[in-house]
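Residue strings, one per chain:
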Number of protein chains: 2
Amino acid sequence: MNLKNLSIFANGSDRFFETLDKESQTSKHSKGKMLFLHEDDAQSFFLIKSGWVKLFRETLDGSQSVVDILSAGHIFGETAIFENDRYPYSAEVVEPAEIVSFPLSALKGEIRENNDFAFNMMSAMARYRRHQDRELEHRTIQNAPQRIGCFLLRLADQEQTGPVTIHLPYDKTLVASRLGMQPETFSRALSKLKAQTGIKIKGATIEMDSLNQLVEYSCAACSSEFPCKDLKAQA
Amino acid sequence: MNLKNLSIFANGSDRFFETLDKESQTSKHSKGKMLFLHEDDAQSFFLIKSGWVKLFRETLDGSQSVVDILSAGHIFGETAIFENDRYPYSAEVVEPAEIVSFPLSALKGEIRENNDFAFNMMSAMARYRRHQDRELEHRTIQNAPQRIGCFLLRLADQEQTGPVTIHLPYDKTLVASRLGMQPETFSRALSKLKAQTGIKIKGATIEMDSLNQLVEYSCAACSSEFPCKDLKAQA
DNA sequence: AATAAACATTGACTAAAGTCAATTCGAGAC
DNA sequence: GTCTCGAATTGACTTTAGTCAATGTTTATT
């Protein structure tokens with residue numbers, strides 16, 4: 001994975017990449033490792049080389065809300081720049097991961113000095129905004145089985161017209177929290193989705209004759225068309 | 001209202017403000033006026049001088065999801081810059097409003113040419129991200145009465161320690177949709193909130209001896225402390 | 001002041017999701 | 001292969017929110 005090829009870093013200056021190279025630290029972490037806590041003093045932002053990382057917050061009364069669950073190629077912690085250098089969420093490794101850290105100061109400097117880079121980063125922020133908009137919309141409009149259907153569709157190659165196999169990238173309990181439901185609800189909702197669309201489930205593997213079945217079931221309750229445009233833009 | 005005083009436009013160049021002045025159009029609209037539709041070709045972004053505007057999307061099966069409801073001093077439609085010049089939502093006036101339109105091109109130009117302005121706009125986007133994060137969190141963790149309590153708290157002056165009076169800024173039906181619930185649910189949830197916190201309700205006016213009652217009821221199910229920091233930052 | 005239209009509330013019922021407890025399943029340790 | 005622990009499922013039940021229909025209330029309009 002080359003930093004320069006990441007869409008978030010497009011338009012970075014040579015000096016920026018030099019600094020990143022020099023000041024980066026790569027480390028491997030196993031499941032459960034806490035990378036930082038909400039409100040921690042922030043010096044670094046992070047890039048996921050492999051594995052999965054959960055971003056979340058906790059409330060006074062003990063419940064947890066999952067902000068996002070990210071995979072290879074995504075960065076996190078970078079928004080601390082705009083939050084008085086404090087992380088706006090906690091970050092935990094949820095599947096064995098290789099993580100690279102970079103100084104926030106380098107990012108801040110590059111934004112200030114390199115206009116194209118800044119514009120590019122704004123595009124990324126706008127894209128994330130759409131992502132969150134969609135989450136909120138789905139939380140409001142879709143029921144549990146529909147949300148799962150949508151989640152599966154977004155894991156798949158949406159160009160595929162024939163039979164499709166999808167693997168859940170992390171524990172079902174985590175998928176449940178990502179979708180804002182209880183594990184029990186997830187389990188029952190997945191059964192219902194199976195009953196209503198004819199998909200086949202074997203542990204973390206889901207098979208179907210065609211994506212169509214899911215599309216009809218889930219995408220009627222979404223304000224965007226299938227296939228999801230935002231997935232292409234990112235690639 | 002002076003453009004230069006709006007925090008979103010801080011650091012704008014003189015030339016930028018000249019262009020805005022020259023190319024702006026102000027108009028008054030009554031309730032129900034559609035300003036633009038989701039996916040419309042976008043030429044302008046908008047500033048609310050007075051009144052309220054609802055941003056929303058609709059799904060194939062006819063349900064509506066409210067993205068946000070904005071008041072004086074807020075801009076909208078500006079993110080079309082990053083969406084191939086198409087509006088990412090529909091916009092409708094929900095309380096009689098005075099709206100100023102500006103060419104998106106001017107904004108785009110200023111972002112490209114004025115680094116400080118771009119940085120400032122990124123801060124605004126980051127702030128909005130936190131806003132959405134919170135919405136999603138509350139939708140997951142808080143129940144209907146708690147969400148209403150939180151909504152009321154955010155309408156109030158949170159420094160106040162004595163008796164407080166809050167006026168709902170728009171119809172209860174709209175508040176309901178803003179909070180992601182049905183009007184009937186809103187009505188019942190407000191009664192429950194009244195029963196559990198002792199607030200007094202007269203139509204769109206809500207009174208209480210102190211904000212404390214609401215804080216205890218709602219803020220335990222939130223990952224932020226009371227008072228809400230983000231409200232100060234904006235002022 | 002009378003009327004209509006939109007908004008708001010209430011009741012009765014249904015549907016969806018959460019909770020708690022009891023098993024069952026399955027991947028890794030030994 | 002067997003054991004163990006966490007993950008996943010299932011059942012029974014409760015709570016919460018949505019739906020549909022009826023009825024008040026308010027506000028604007030003539």
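Owing to the predicted nature of the structure, the values given are computational and were not obtained by experimental measurement. (Residues numbered from 1 in each chain as written. Chains lettered and ligands numbered in written order. Predicted model: local features only at pLDDT ≥ 70, side-chain atom pairs only at ≥ 80, totals over all residues. Heavy atoms only, no water.)

Further remarks concern the overall build of chain A. A count of helices and strands for chain A gives eight helices and nine strands. For 235 residues, the compact-globule estimate of 2.2 N^0.38 gives 18 Å, and the C-alpha radius of gyration of chain A, at 19 Å, lies within 12% of that figure. Referenced to the eigenvectors of the C-alpha coordinate spread, the extents of chain A come out at roughly 55 × 40 × 30 Å. For chain A, buried positions account for 54% of its 235 residues. In chain A, 72% of the contacts between residues at least 6 apart in sequence involve partners at least 24 apart. A total of about 10800 Å² of accessible surface is found on chain A, and carbon and sulfur atoms cover 45% of it. Considering chain A, the positive charge centre built from 28 side chains and the negative charge centre built from 31 side chains are found 4 Å apart. (Helix = DSSP H or I, 4+ residues; strand = E, 2+ residues; numbered from the N terminus. Rg over C-alpha atoms; globule rule 2.2 N^0.38 Å. Buried < 20%, exposed > 50% of the residue type's maximum accessible area, 1.4 Å probe, protein only. Contact = heavy atoms within 4.5 Å. Areas by Shrake-Rupley, 256 points an atom, 1.4 Å probe, with all protein chains shown as cover. Lys, Arg positive; Asp, Glu negative; His and termini not counted. Charge placed at Lys NZ, Arg CZ, Asp CG, Glu CD.)

On to the interface of chain A and chain B. Listed per partner, the contact involves 49 residues of chain A and 49 residues of chain B. Here chain A packs against chain B, burying approximately 4600 Å² in sum over the two surfaces, 57% of which is carbon and sulfur. The largest share of the area that chain A buries against chain B comes from F119(A), M122(A) and R129(A), three residues that together contribute 16% of it. Between the two partners, chain A and chain B, sit ten salt bridges. Between E39(B) and K229(A) there is a salt bridge, with its nearest N and O atoms 3.5 Å apart. One can count 15 residue pairs in polar contact (both at pLDDT 80 or more) joining chain A with chain B. Of all the elements in the fold, those that place two or more residues in the side of chain A that touches chain B are β3 (44-58), β4 (64-70), α2 (104-113) and α3 (115-141) of chain A. Residue contributions to the side of chain A that touches chain B peak at 20 residues, all from α3(A). (Buried area = accessible area lost by both parts, 1.4 Å probe. Salt bridge = Lys/Arg side-chain N within 4 Å of Asp/Glu carboxyl O. Polar contact = N/O pair within 3.5 Å; in protein donor to acceptor, adjacent residues only side chain to side chain.)

For the rest of this paragraph, the subject is the pattern of salt bridges. Residue and element names in this part refer to chain A. In this structure the tally under the stated criterion is 30 salt bridges over all chains. E135 is the salt-bridge partner of R178, the closest N and O atoms lying 2.5 Å from each other. A residue pair is termed long-range when its members are at least 10 positions apart, and R178 in helix α5 (residues 172-178) and E135 in helix α3 qualify at 43 residues. Each of K31, E95 and D171 takes part in salt bridges that share partners, so that together they form one network.

The subject of this paragraph is the domain arrangement of chain A. Residues and elements named next belong to chain A. Parsing chain A into structural domains produces domain 1 (3-113) and domain 2 (134-230). Residue-level contacts link eight residues of domain 1 with six residues of domain 2. By the criterion of area lost to domain 2, the three top residues of domain 1 are W52, V66 and I69, representing 59% of everything that side buries. Between K31 and D171 there is a salt bridge, and its shortest N-O distance comes to 3.3 Å. Between the two partners, domain 1 and domain 2, sit one residue pair in polar contact (both at pLDDT 80 or more). Counting only elements with at least two residues in the side of domain 1 that touches domain 2, the list comes to β3, β4 and β6 (90-103). (Domains from an automatic or database assignment.)

Turning next to the nonpolar core. Membership of the largest hydrophobic core comes to 88 residues, with the highest contact counts inside it found for F9(A), F76(A), F9(B) and F76(B). Ignoring any residue separated from it by four or fewer positions in sequence, one finds F76(B) in contact with L35(B), F36(B), F45(B), F46(B), I48(B), V53(B), L55(B), L70(B), Y89(B), A91(B) and I99(B). One finds L152(B), L168(B), Y170(B) and M208(B) within the second-largest nonpolar core, a separate group that totals 31 residues. (Core = buried A, V, L, I, M, F, W, Y, C linked by side-chain atoms within 4.5 Å.)

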